[in-house]
Number of protein chains: 2
Amino acid sequence: MAKTKKQPRPKAETPKGFRDYFGAEVSERAEMLQKIAAVYHRYGFDALESSAVETVEALGKFLPDVDRPNEGVFAWQEADEDGRGDWLALRYDLTAPLARVYAQHRNDLPTPYRRFAMGPVWRNEKPGPGRFRQFYQCDADTVGTASMAADAEICAMLADTLEEVGIPRRDYLIRVNNRKVLNGVLESMGLADDAERSAAVMRTIDKFDKVGETGVRELLGKGRLDASGAYIDGVGLSQAQVEPVVKFLTSGKRLANVGGYGVQRVQGEIGSEVSPTNYAPFKNEELSKAVLTGTLAELRRIVESSSEGLQGVAELEQIADLLAAQGYGPDRIIIDPSVVRGLGYYTGPVFEAELTFDILDEKGRKRQFGSVAGGGRYDDLVKRFTGQAVPATGISIGVDRLLAALREKGRIGPAATGPVVVTVMDRDRMADYQAMVGELRQAGIRAEVYLGNPRNFGNQLKYADKRNSPVAIIEGGDEKEKGIVQIKDLILGAKIAENATLEEWKERPSQFEVPRDQMVAKVREILDGQGG
Amino acid sequence: MAKTKKQPRPKAETPKGFRDYFGAEVSERAEMLQKIAAVYHRYGFDALESSAVETVEALGKFLPDVDRPNEGVFAWQEADEDGRGDWLALRYDLTAPLARVYAQHRNDLPTPYRRFAMGPVWRNEKPGPGRFRQFYQCDADTVGTASMAADAEICAMLADTLEEVGIPRRDYLIRVNNRKVLNGVLESMGLADDAERSAAVMRTIDKFDKVGETGVRELLGKGRLDASGAYIDGVGLSQAQVEPVVKFLTSGKRLANVGGYGVQRVQGEIGSEVSPTNYAPFKNEELSKAVLTGTLAELRRIVESSSEGLQGVAELEQIADLLAAQGYGPDRIIIDPSVVRGLGYYTGPVFEAELTFDILDEKGRKRQFGSVAGGGRYDDLVKRFTGQAVPATGISIGVDRLLAALREKGRIGPAATGPVVVTVMDRDRMADYQAMVGELRQAGIRAEVYLGNPRNFGNQLKYADKRNSPVAIIEGGDEKEKGIVQIKDLILGAKIAENATLEEWKERPSQFEVPRDQMVAKVREILDGQGG
């Protein structure tokens, strides 16, 4: 018989690929999302919050990575009486739930329906460094209109949003392309009815930035030995089929090099290390217009045998005209044929917001920050439920990447200031100390009493240090008797301890003795001084 | 051989027990949570956001409803190479994750650690009307101190929070009791070492409000036939054992009737229909103090044979003294022996915030709104992980109930105002209409262009109606030529259509013709007028 074994202690760990967020990490994200929500709201978009859990049936097979249509979600089966209930899953994005919501509530919702949503999504993928299985998305979509005005509006709103949260103009660029143009290329390759190989071509085009022209030729043809030595099977296209793709991609490259819609990439491959100086927005509006016209004409020539391709070029022209009329010039939004977007479900315009300033990578090399948002038109998602095609278009912001960018630019952080700490000199007079923090809070000052064991005063100051406190307050028996308090400026104190000579220390004391009834005023004064 | 059947369409439905939140429902909750976070932050609490997913091992068996320790969560097993990975689950509250976070990060966190957390939690329970399987919680806890000052602080902060979000003083009451006092009663019953029956007694005490003295006698003894005719097994205690519980409960009742700490319940059973007039806070501070002293003396007599019970009374006294010193009188926080709190894990003080105003129930009867927050001290949760007892205390706000209360009091809603709608009279001039909404948004006015099919103008006005728009703007070819726009005041228009006589209509037109360059100013003027 088995002995009863003592239960081992549970491990205090998040599941693999999950993490905790503390203090400023949480509040900075919340503030950024508030600002984004305010812009979306001003544009007439309404908030929507669907639940984290959906039926697997409703989520469908629209996983972003079409290589693994059945994997990638956290799913489980409901227990019912027969033990065989519905399969449920955590949402993997905010678009699939929107399609379900719109199909379910379409009779009560306005048409078109503009909605925004922000919240966590979950992916059951192999975690890696900086790659988590729960992360935030922040989406805005317009459902129920085929008008290109909806797509143009999304692009303009995205530009406004980036500026609102703190990315200055010329530090970002929104690039617009159209899937119909890409489909025009596929059509000219004779792949119009071959969904599987079309998707493979699309994914390969998306890799152009990484593998270059030679890589694309290999991946579309027989296959390719990658950097790690692994052999990647090719799509198996003939030389004649591969040619239009390469022509399109290198045309795109050439277009970008001569200017795209208003920007010049002075050097380097598309998507490679491009420094901000390489983006030189045209000052001359006429020239900018001429370049756009040239770009569109070039695209038209490439897809001339495809009516879908030509329609795509016409849609790009409409978007460009609407944006130009609203004053969104090429310093903010450009037409760029090299944009693909990986997701299979886009059916028209696609957008990508890229931050154009440099950061240093882990090896100290300059790199562009890269993409922080993407989206496009998807006309088929709602059809799954209702049988009717419902046109829709939208954008998704990568919340964590945008936050990282704002930190990089010094727009948020460093570590927010901690509370004023009222120390405990006499544990029987806790009520006095509580009264002090009460007064400070009344004045809008973040404050707390030390609640640990007060015996060791050094521990109290160490605590204040760990809390990143700007000010500590001390009232022992002597002070109480004299009706005064001691106020320590901890920020100045830390500076003096680091840098100051003895003379400076004498001139600028970091501790002040003030009458008890002037405590709040003095703390306010010190905090204001620290802020300056 | 089976025929390949056409896949049926997926159902566009949330899983059972889940729901969607639209527009104002989302933004009102977000605003309330922001206000709460601001109070918590001012008190020195730091934000924490842990992931929705935890290992089942870390969550443990601390489900709130101890009747079903193994159920109630949404759980699934991770797939690893052998197909036998960790069991993961959605968090069912914010306290179990806090215990895991504190155990995991305790060397990096300040001690004591004050943290707040807000977000959804999930319960795999049978859904019912108004009972959902995903809902919001909003918690604040202090980990790492046994000081009653931490408990008093939580109560004071809860009072400030309720007032900050819009519950006026005297419309709420925070009731404080102590589990050690209840344990003292159990000890005097001879159940100190019988965890199972102790828990059963605690649950029965918690039902006192519903079943009354007779019901408690039956439930603690042989059992009880409930209203539906079902027989509920009793705890099986002897008459001698039941007596101290009844004495305690009825003493509690008598105490409450003579005043509790500063309030009088003039009529009715505790917890039964009590109207606000029944809560008459003492104006006389001396009397209030005398009643408190009397309450505590009475409790001391009831648990006099139990050292734990006496310690509980002493702790209540400390909390009462600290709160009195900070000016939190019996109009906000009272000591009330009838508070139990259902959760098994509380080990000391327990708190409950109750809204004292009346609402009408579905049958039109007056009822008190009831509890919106609860919490207490739990010293054993972290010990599961580390083996060391870590004292902790905290509060959880029922976000949806508090929101419902604010709606009840008219503090939020009704339906927020929709955007200004710019109608489309000439679909080729979409750029002009986009420019209009651009100007309005620049002025901080929520605005959108109609993006549906513009052919039927009636549909555009119906859309504006569905959007709850305050103003519609019209610029057809004639207006464009004359350099003017038509501005319709839709709120006034609706009022006139409902109520006005012809004369009034003539005096107050609801449509205005203004020069194009005065559009923004006129819209601003109309919106300001509507707000008044």
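Residues numbered from 1 in each chain as written. Chains lettered and ligands numbered in written order. Predicted model: local features only at pLDDT ≥ 70, side-chain atom pairs only at ≥ 80, totals over all residues. Heavy atoms only, no water.

Participant: Please provide a residue-by-residue account of the overall build of chain A, values included.
Facilitator: Looking only at helices and strands, chain A has 18 helices and 19 strands in total. When burial is assessed residue by residue, chain A has 54% of its 532 residues classed as buried. With the model as given, the accessible surface of chain A reaches about 24200 Å², and the carbon-plus-sulfur share is 48%. (Helix = DSSP H or I, 4+ residues; strand = E, 2+ residues; numbered from the N terminus. Buried < 20%, exposed > 50% of the residue type's maximum accessible area, 1.4 Å probe, protein only. Areas by Shrake-Rupley, 256 points an atom, 1.4 Å probe, with all protein chains shown as cover.)

Participant: Can you break down the packing of aromatic side chains residue by residue, with the values?
Facilitator: Throughout the structure, instances matching the rule amount to 15 aromatic pairs over all chains. Judged by centre distance (6.4 Å) and plane angle (25°), the rings of tyrosine 102 of chain B and tyrosine 113 of chain B are stacked. Residue tyrosine 102 of chain B is found in helix H3 (residues 95-105), and its partner tyrosine 113 of chain B is found in strand E6 (residues 113-122); the two are separated by 11 residues along the sequence. Across the pair, exposure class does not vary: tyrosine 102 of chain B and tyrosine 113 of chain B are buried alike. One aromatic cluster is present, formed by Phe18, Phe74 and Trp76 of chain A together with Phe18, Phe74 and Trp76 of chain B through successive ring pairs. A cation over a ring is seen here: arginine 29 of chain B above tyrosine 21 of chain B, with NZ or CZ 4.8 Å from the ring centre. (Phe/Tyr/Trp six-rings, centres within 6.5 Å; stacked < 30°, edge-to-face > 60°. Lys NZ or Arg CZ within 6 Å of the ring centre and 35° of its normal.)

Participant: Tell me about the nonpolar core, and please be specific about residues and values.
Facilitator: Counting 109 residues, the largest nonpolar core has Ile473 and Val523 of chain A together with Tyr40 of chain B as the members making the most contacts within it. Take this core: its biggest share by element is 12 residues, from helix H4 (residues 148-165) of chain B. Once residues lying within four places of it in the same chain are set aside, the contact partners of isoleucine 473 of chain A are Val420, Val421, Val422, Thr423, Met436, Leu440, Val485, Gln486, Ile487, Met519 and Val523 of chain A. Ala159 and Phe208 of chain A together with Ala464 and Val514 of chain B belong to the second largest nonpolar core, which has 108 residues in total. (Core = buried A, V, L, I, M, F, W, Y, C linked by side-chain atoms within 4.5 Å. Contact = heavy atoms within 4.5 Å.)

Participant: Please give an account of unusual backbone geometry that cites residues and values.
Facilitator: Negative phi characterises most residues that are not glycine, and trans characterises most peptide bonds. In this chain, threonine 111 of chain A is followed by proline 112 of chain A through a cis amide linkage whose omega measures -5°. Mapped onto the secondary structure, proline 112 of chain A falls in the loop between helix H3 (95-105) and strand E6 (113-122). Phi is positive for asparagine 468 of chain A, close to 60°, though the residue is something other than glycine. By the secondary structure assignment, asparagine 468 of chain A is in the loop between helix H14 (457-466) and strand E17 (471-474). Under the relative-accessibility criterion, asparagine 468 of chain A is labelled partly exposed at 32%. At arginine 170 of chain B, a position not held by glycine, the phi torsion is positive, near 80°.

Participant: Describe the environment of glutamine 239 of chain A, and please don't skip the residues or the numbers.
Facilitator: Residues and elements named next belong to chain A. With respect to the element layout, glutamine 239 can be found in helix H8 (residues 239-258). Glutamine 239 sits in the exposed class, given a relative accessible area of 55%. Residues glutamine 239 and leucine 220, 19 residues apart in the sequence, show an inter-C-alpha distance of 9.0 Å.

Participant: Can you explain the sheet that holds strand E7 (residues 134-143) of chain B? Please cite residues and give values.
Facilitator: Read across the sheet, nine strands follow the order E1(A)-E2(B)-E6(B)-E7(B)-E14(B)-E13(B)-E12(B)-E8(B)-E11(B) without closing on themselves; strand pairing throughout is mixed. Taken across any chain shown, the strands that pair with only one partner, and hence form the sheet edges, are strand E1 (21-22) of chain A together with strand E11 (333-335) of chain B. When strand E13 (residues 366-377) of chain B meets strand E14 (residues 392-398) of chain B, the two strands line up antiparallel, connected through five bridges. Pairing of alanine 373 of chain B across the sheet is with isoleucine 397 of chain B, part of E14 of chain B. Sheet strands touched by H4 of chain B: E6, E7, strand E8 (172-178), E11, strand E12 (349-360), E13 and E14 of chain B. Its angle to E14 of chain B, the strand with the most contacts, is close to 15°. (Pairing = 2+ DSSP bridges. Axes fitted to C-alpha atoms, helices over the stretch in contact; angles between N-to-C directions.)

Participant: Can you break down the pattern of salt bridges residue by residue, with the values?
Facilitator: Counted according to the given criterion, the structure contains 69 salt bridges over all chains. Ionic pairing is found between arginine 467 of chain B and aspartate 46 of chain A, a salt bridge with its closest N-O pair at 2.8 Å. Highlighted residues: arginine 467 of chain B in the loop between helix H14 (457-466) and strand E17 (471-474) and aspartate 46 of chain A in strand E2 (residues 46-49), drawn from two different chains. When sorted by exposure, arginine 467 of chain B lands in the same class as aspartate 46 of chain A, which is buried. The closest approach of N and O atoms between glutamate 439 of chain A and arginine 516 of chain A, which form a salt bridge, is 2.8 Å. Remark: arginine 516 of chain A occurs in the loop between strand E19 (511-515) and helix H18 (519-531) and glutamate 439 of chain A occurs in helix H13 (residues 430-442); sequence separation between them is 77 residues. Among the residues examined, glutamate 439 of chain A registers a relative accessible area of 34% and is labelled partly exposed. Linked through salt bridges whose partners overlap, the residues forming this network are Asp46, Arg114 and Glu153 of chain A together with Arg441, Arg446, Glu448 and Arg467 of chain B. (Salt bridge = Lys/Arg side-chain N within 4 Å of Asp/Glu carboxyl O.)

Participant: Now, about the interface of chain B and chain A: what can you tell me, with residues and values included?
Facilitator: Between chain B and chain A, the residue contacts involve 88 residues of the former and 88 residues of the latter. Here chain B packs against chain A, burying approximately 7500 Å² in sum over the two surfaces, 54% of which is carbon and sulfur. For the chain B face of the interface with chain A, the top three residues by lost area are Glu49, Arg446 and Leu451 of chain B, together amounting to 10%. Our count for the contact surface shared by chain B and chain A stands at 14 salt bridges. Between aspartate 46 of chain A and arginine 446 of chain B there is a salt bridge whose closest N-O contact spans 2.7 Å. At the boundary of chain B and chain A, one finds 46 residue pairs in polar contact (both at pLDDT 80 or more). In terms of residue class, the side of chain B that touches chain A is built from 42 nonpolar, 23 polar and 23 charged. (Buried area = accessible area lost by both parts, 1.4 Å probe. Polar contact = N/O pair within 3.5 Å; in protein donor to acceptor, adjacent residues only side chain to side chain. Nonpolar A, V, L, I, M, F, W, Y, C, P; charged D, E, K, R; others polar.)

Participant: Outline the relation of the copies chain B and chain A, supporting the account with residue identities and numerical values.
Facilitator: Superposing chain B onto chain A takes a rotation of 180° plus a shift of 0.0 Å along the axis, which leaves an RMSD of 0.1 Å. What the rotation and shift describe, once combined, is the action of a two-fold rotation axis. For chain B, the smallest separation between a C-alpha atom and the rotation axis is recorded for tryptophan 76 of chain B, amounting to 2.8 Å. A shared interface surface links the copies, since 100% of the contact residues of chain B are contact residues in chain A too. (Least-squares fit on C-alpha atoms with pLDDT ≥ 70 in both.)

Participant: Residues and numbers for the packing of helix H1 (residues 24-42) of chain A against helix H12 (residues 399-408) of chain A, please.
Facilitator: The description of two packed helices rests on the angle between their axes and on the distance between the axes. Residue and element names in this part refer to chain A. At their nearest, the axes of H1 and H12 sit 11 Å apart, and the two run at 105° to each other. One finds that H1 runs roughly perpendicular with respect to H12. Contacts between H1 and H12 involve Glu25, Glu28, Arg29, Met32, Leu33 and Ile36 from the former and Val399, Asp400, Leu402, Leu403, Leu406 and Arg407 from the latter. Its residues assigned to classes, the contact of H1 with H12 shows seven nonpolar, no polar and five charged. (Parallel < 35°, antiparallel > 145°, perpendicular 65-115°, else oblique.)

Participant: Just give me the short version of the environment of alanine 392 of chain B, but keep the residues and values in it.
Facilitator: Residues and elements named next belong to chain B. With respect to the element layout, alanine 392 can be found in strand E14. Remark: the alpha-carbon pair of alanine 392 and valine 143, spanning 249 residues in sequence, is separated by 4.2 Å. Not counting residues within four places of it along the chain, the set of residues in contact with alanine 392 comprises Thr142, Val143, Thr145, Gly376, Arg377, Tyr378 and Asp379.

Participant: Which residues make up the environment of glutamate 54 of chain B, and what are the values?
Facilitator: The residue glutamate 54 of chain B is located in strand E3 (residues 53-55) in this model. Judged by its relative accessible area of 1%, glutamate 54 of chain B falls in the buried class. With near-sequence residues (within four places) excluded, glutamate 54 of chain B lies in contact with Pro15 of chain A together with Leu59, Trp87, Leu88, Ala89, Pro97 and Arg100 of chain B. Of the polar contacts made by the side chain of glutamate 54 of chain B, one reaches the side chain of arginine 100 of chain B; its length is 2.8 Å.

Participant: Would you mind going over helix H1 (residues 24-42) of chain B in detail, with residue names and values included?
Facilitator: Residues and elements named next belong to chain B. With 19 residues, H1 should cover 27 Å at 1.5 Å per step; its first-to-last C-alpha distance of 27 Å lies within 8% of that length. Listed in full, the buried residues belonging to H1 are Val26, Glu28, Arg29, Met32, Leu33, Ile36, Ala37, Val39 and Tyr40. Just beyond H1, the residue with positive phi is glycine 44, at close to 90°. (Expected span 1.5 Å × (residues − 1).)

Participant: I'd like a description of the confidence of the model for chain A, backed by residues and values.
Facilitator: All names here are of chain A. In this model, chain A carries an average pLDDT of 83, and 85% of its residues clear a pLDDT of 70 or more. Under a pLDDT of 50 for its full length, residues 62-70 has, in the predicted model, 18 contacts with residues more than four places off or in other chains. Here residues 252-283 is a poorly scored stretch, pLDDT under 50, and it has 81 contacts once near neighbours within four places are set aside; other chains count. Our summary of model confidence lists the complex with pTM equal to 0.85 and ipTM equal to 0.85. (pLDDT = per-residue confidence, 0-100.)

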